[in-house]
Amino acid sequence: MNEIAAAPAAVADAVDLREDFKSSGVAEILEELDRELIGLAPVKQRIRETAALLLVHRARGKLGLGDETPTLHMSFTGNPGVGKTTVALKMAGLLHRLGYVRKGHLVSVTRDDLVGQYIGHTAPKTREVLKKAMGGVLFIDEAYYLYKPDNERDYGQEAIEILLQVMENHRDDLVVILAGYADRMDRFFASNPGFRSRIAHHVEFPDYSDGELLRIAETMLARGDYGFDDDARAAMGDYIAARRVLPHFANARSIRNALDRARLRHASRLFETPGPVGAKELSTLRAEDIRGSRVFAGGLAHERKNP
Amino acid sequence: MRITQGCFSFLPDLTDDQIRAQIDYCLSKDWAVGIEFTDDPHPRNIFWEMWGHPMFDLRDPAGVMLELAACRKANPDSYIKLIAFDSTRGFETVRMSFIVNRPKVEPSFVMTRTEVAGRTVNVAITRA
């Protein structure tokens with residue numbers, strides 16, 4: 001009764017989408033995304049589209065146009081270190097601003113957090129995690145480990161069933177994001193059709209180009225008040241090209257580790273230098289700090305192709 | 001006889017939305033919410049059964065409501081209460097508790113007074 005009486009009053013004539021875009025704080029998040037994340041153009045495009053879809057959906061709701069809550073579960077596929085977790089965090093903020101999740105926190109889990117070790121352990125464990133994620137976003141990293149086809153008694157299946165059920169029945173309460181390598185996620189979806197049909201947004205994360213990785217390196221350094229000199233920048237460019245072909249290349253994460261080691265060499269070089277050091281020396285990485293890396297010698301001893 | 005203990009027990013029963021709002025308040029204070037149930041509401045019975053563990057690290061009442069629904073399904077004709085535990089040093093105790101489920105027919109209690117030596121009176125509360 002009340003709803004019917006209240007409905008005409010609540011329905012507006014028109015919704016200003018631009019105004020909505022600004023006032024909801026979505027614009028802010030998208031700007032942040034552009035500013036903080038280098039490259040990833042297709043991902044940013046997808047997020048922009050998703051934001052537009054949700055804004056329009058909200059506007060439709062305001063005008064009283066019937067619409068089902070859109071399915072918001074997503075899958076993020078891409079190689080390690082391409083920013084899946086970072087984007088998921090932004091996504092949680094975005095969904096919160098738009099009012100599709102109530103609290104907007106991100107709970108990041110892997111198989112270990114969901115699957116138990118003995119019979120009867122999995123269900124409570126999975127439910128515990130789901131309860132913590134309610135009102136926010138549940139980010140399952142390397143989701144394909146949940147499903148182990150070679151072991152039919154694996155408890156992962158149980159976790160999958162509970163997840164599917166919650167993804168269906170509690171669509172208003174939480175959003176699930178599955179993440180992992182593209183090829184293994186494809187196989188995971190192929191063997192779990194329930195997941196594929198419940199996930200509307202498949203977002204692919206491309207690898208960074210060498211130029212983007214160099215810019216990422218500089219941003220990372222700038223954050224800690226460090227910097228390259230010109231030679232060091234060239235050395236870092238060579239480093240990225242050399243590192244990419246070695247095994248276990250993890251995009252931005254490899255760069256971060258490389259910079260940590262370069263800072264180590266930088267520190268010990270300064271320590272060896274006699275006399276006082278100024279702020280400039282303390283904050284500038286030189287070519288030799290980068291060139292000292294094992295990558296230029298062909299990687300770790302056991303990774304070298306011709307020893 | 002309507003059992004009155006904890007918060008809100010002189011008010012009409014809380015609706016689910018009201019319960020959700022109360023849980024939201026507890027969570028905003030960083031209290032851990034737990035569920036307890038019993039079929040023995042005697043005032044001296046301070047140990048109710050626990051329904052699972054107290055729920056730490058929740059952010060949204062939906063998680064508690066999920067467990068409450070499960071508890072109600074398993075014990076439809078019992079007393080169920082929510083307790084909110086504050087782990088702040090110095091408190092480390094239950095800060096709030098309220099009944100969220102009652103049996104259809106609530107038991108009544110009678111008080112018997114026994115005169116003993118002098119003017120002393122012993123009081124006993126027993127189920128009618």
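Structure: see above.
The following refers to the structure shown. Per chain, the residues get numbers from 1 upward, laid out in the order the sequence is written. Chains and ligands are labelled sequentially in the order written, the chains with letters from A and the ligands with numbers from 1. Thresholds applied to this predicted model are a pLDDT of at least 70 for local features of residues and 80 or more for the giving and counting of side-chain atom pairs; totals over whole chains, interfaces and linings are not thresholded and use all residues. Side-chain measures here rest on the full set of heavy atoms in the structure, leaving out hydrogens and waters.

## Considering the overall build of chain B
- Along chain B, the regular secondary structure elements total two helices and six strands.
- Taken from the N to the C terminus, the helices and strands of chain B come in the order α-β-β-α-β-β-β-β.
- Expressed along its principal axes, the backbone C-alpha trace of chain B runs to roughly 55 × 40 × 25 Å.
- Accessibility here uses a 1.4 Å probe with only protein chains present; expressed as a share of the type maximum, an area under 20% marks a residue as buried, one over 50% as exposed, and anything in between as partly exposed. Within chain B, the fraction of its 128 residues that count as buried is 39%.
- Residue contacts follow a heavy-atom distance rule, with two residues in contact if any of their heavy atoms lie within 4.5 Å. Across chain B, the fraction of contacts at a sequence separation of at least 24, relative to all contacts at a separation of at least 6, is 53%.
- For accessible areas, the Shrake-Rupley method is used with a probe of radius 1.4 Å. Any residue's cover is judged against the shown protein chains and nothing else. For chain B, the computed accessible surface area is about 7900 Å², with 54% contributed by carbon and sulfur atoms.
- Counted as positive: Lys and Arg. Counted as negative: Asp and Glu. His and the chain ends are not counted at all. Here the site of a charge means NZ on Lys, CZ on Arg, CG on Asp, or CD on Glu. In chain B, which carries 15 positive and 17 negative side-chain charges, the distance between the mean positions of the two groups comes to 6 Å. Runs of H or I in DSSP of at least four residues are treated as helices and runs of E of at least two as strands, each being numbered from the N terminus.

## Some words on the overall build of chain A
- Within chain A, the regular secondary structure consists of 15 helices and seven strands.
- Dimensions of chain A, computed from C-alpha atoms along their principal axes, come out at roughly 85 × 55 × 30 Å.
- Evaluated residue by residue, chain A yields a buried proportion of 43% over its 307 residues.
- Within chain A, counting contacts between residues at least 6 apart in sequence, those at least 24 apart form 74% of the total.
- Accessible area of chain A: about 16300 Å², with a carbon and sulfur share of 51%.
- Computing the positive centroid from 43 side-chain charges and the negative centroid from 44, chain A places the two 3 Å apart.

## Some words on the interface of chain B and chain A
- Contacts between the two partners involve twelve residues from chain B, matched on the other side by ten residues from chain A.
- Buried area, as used here, totals the accessible surface that two parts lose on assembly, with accessibility defined by a 1.4 Å probe and the loss added over both. Carbon and sulfur atoms make up 57% of the surface buried where chain B meets chain A, a total of about 1000 Å² over both sides.
- Looking only at chain B, the three residues that lose the most surface to chain A are Arg59, Asp60 and Leu66 of chain B, adding up to 50% of its buried area.
- A carboxyl oxygen of Asp or Glu within 4 Å of a side-chain nitrogen of Lys or Arg is what we treat as a salt bridge. For the pair chain B and chain A, the number of links is four salt bridges.
- Throughout this description, a polar contact denotes any pair of N or O atoms lying within 3.5 Å of each other; where both atoms belong to protein, one of them has to be capable of donating a hydrogen while the other can accept it, and for residues adjacent in sequence the pair is counted only when both atoms sit in side chains. Counting every contact that joins chain B to chain A gives three residue pairs in polar contact (both at pLDDT 80 or more).
- Among the elements that line the side of chain B that touches chain A, the one with the most residues is helix H2 (residues 62-74) of chain B, at four residues.
- Polar here means any residue outside two lists: the nonpolar Ala, Val, Leu, Ile, Met, Phe, Trp, Tyr, Cys and Pro, and the charged Asp, Glu, Lys and Arg; Gly therefore counts as polar. For the side of chain B that touches chain A, the per-class residue count stands at six nonpolar, one polar and five charged.

## Quick word on the pattern of salt bridges
Residues and elements named next belong to chain B.
- With the rule as written, the count across this model stands at 32 salt bridges over all chains.
- Note that Asp13 and Arg102 form a salt bridge whose closest N and O atoms lie 3.3 Å from each other. Placement of the pair is Asp13 in the segment before helix H1 (16-28) and Arg102 in the loop between strand E4 (93-101) and strand E5 (109-115), with a sequence separation of 89 residues.
- Judged by relative accessible area, which is 12%, Arg102 ranks as buried.
- With a shortest N-O distance of 2.7 Å, Arg20 and Asp17 are connected by a salt bridge. Of the two residues, Arg20 and Asp17 are both situated in helix H1; the distance of three residues between them amounts to about one turn of the helix.
- Note on Asp17: relative accessible area 54%, which makes it exposed.

## A closer look at the nonpolar core
Residues and elements named next belong to chain A.
- What is meant by a nonpolar core is a set of buried Ala, Val, Leu, Ile, Met, Phe, Trp, Tyr and Cys residues, joined one to another through side-chain atoms within 4.5 Å. Ranked by internal contacts, the top residues of the largest apolar core, which has 55 residues, are Phe76, Leu94, Leu95, Phe228 and Met236.
- No other element matches the six residues that helix H5 (residues 84-97) contributes to this core.
- Setting aside residues no more than four positions away along its own chain, Leu94 makes contact with Val26, Ile29, Leu30, Ile47 and Ala51.
- Counting 30 residues, the second largest nonpolar core, distinct from the first, contains Leu114, Ala133, Phe189 and Ile199.

## Topic: the environment of Tyr155 of chain A
Residues and elements named next belong to chain A.
- Residue placement: Tyr155 occurs in the loop between strand E3 (137-141) and helix H8 (156-169).
- What makes Tyr155 partly exposed here is its relative accessible area of 24%.
- On a C-alpha basis, the gap between Tyr155 and Ile119 in space is 7.7 Å, while along the polypeptide they are 36 residues apart.
- Discounting residues that sit within four places of it in the chain, Tyr155 has contacts with Val115, Gly116, Gln117, Tyr118, Ile119 and Thr122.

## Examining the pairing of strand E1 (residues 32-38) of chain B
Residues and elements named next belong to chain B.
- For E1, a buried count of seven out of seven residues is recorded, marking the element as mostly surrounded by other parts of the structure.
- Going residue by residue along E1, you find Ala32, Gly34, Glu36 and Thr38 tucked away on one face and Val33, Ile35 and Phe37 tucked away on the opposite face as well.
- Where E1 and strand E3 (residues 79-86) come together, seven bridges link them in antiparallel fashion. Within E3, the position partnered with Phe37 by the bridge is Ile80. Note: two strands are recorded as paired if DSSP finds a minimum of 2 bridges between them.

## Observations regarding helix H13 (residues 251-272) of chain A
- To estimate the expected span of a helix, subtract one from its residue number and multiply by 1.5 Å. Taking 1.5 Å of rise per residue, the 22 residues of H13 of chain A would be expected to cover 32 Å, and the 32 Å separating its terminal C-alpha atoms lies within 8% of that figure.
- Buried residues belonging to H13 of chain A abut helix H11 (210-223), strand E6 (227-228), helix H12 (230-244), helix H14 (279-283), strand E7 (284-285) and helix H15 (287-291) of chain A.

## Considerations on H12 of chain A
All names here are of chain A.
- In a regular helix each residue adds 1.5 Å, so 15 residues correspond to 21 Å; H12 covers 22 Å between its end C-alpha atoms and thus fits that length.
- When H12 is considered as a whole, its buried residues turn out to be Ala232, Ala235, Met236, Tyr239, Ile240 and Arg243. Looking straight down H12, one finds its buried side chains confined to an arc of 145 degrees; they lie on one side. In H12, the exposed positions angled more than 90 degrees off the buried face are occupied by Asp230 and Asp231.
- Here the buried face of H12 lies against H11, E6, H13, E7 and H15. Each C-beta atom gives one direction from the helix axis, and the arc is the one those directions make.

## Brief notes about the sheet that holds E3 of chain A
Residues and elements named next belong to chain A.
- With parallel pairing, five strands are arranged side by side in an open sheet as E2-E3-E4-E1-E5. Each edge of the sheet is formed by a strand with only one pairing partner; in this case those strands are strand E2 (106-109) and strand E5 (201-204). Sheet twist, expressed as the average angle between the axes of neighbouring strands with direction ignored, equals 20 degrees.
- As paired strands, E3 and strand E4 (residues 175-180) are joined by five bridges and run parallel to one another. Of the residues in E4, the one forming a bridge with Asp141 is Ala179. Angles shown run from 0 to 180 degrees and are taken between the N-to-C directions of axes, each axis being a line fitted to C-alpha atoms and, for helices, limited to the stretch in contact.

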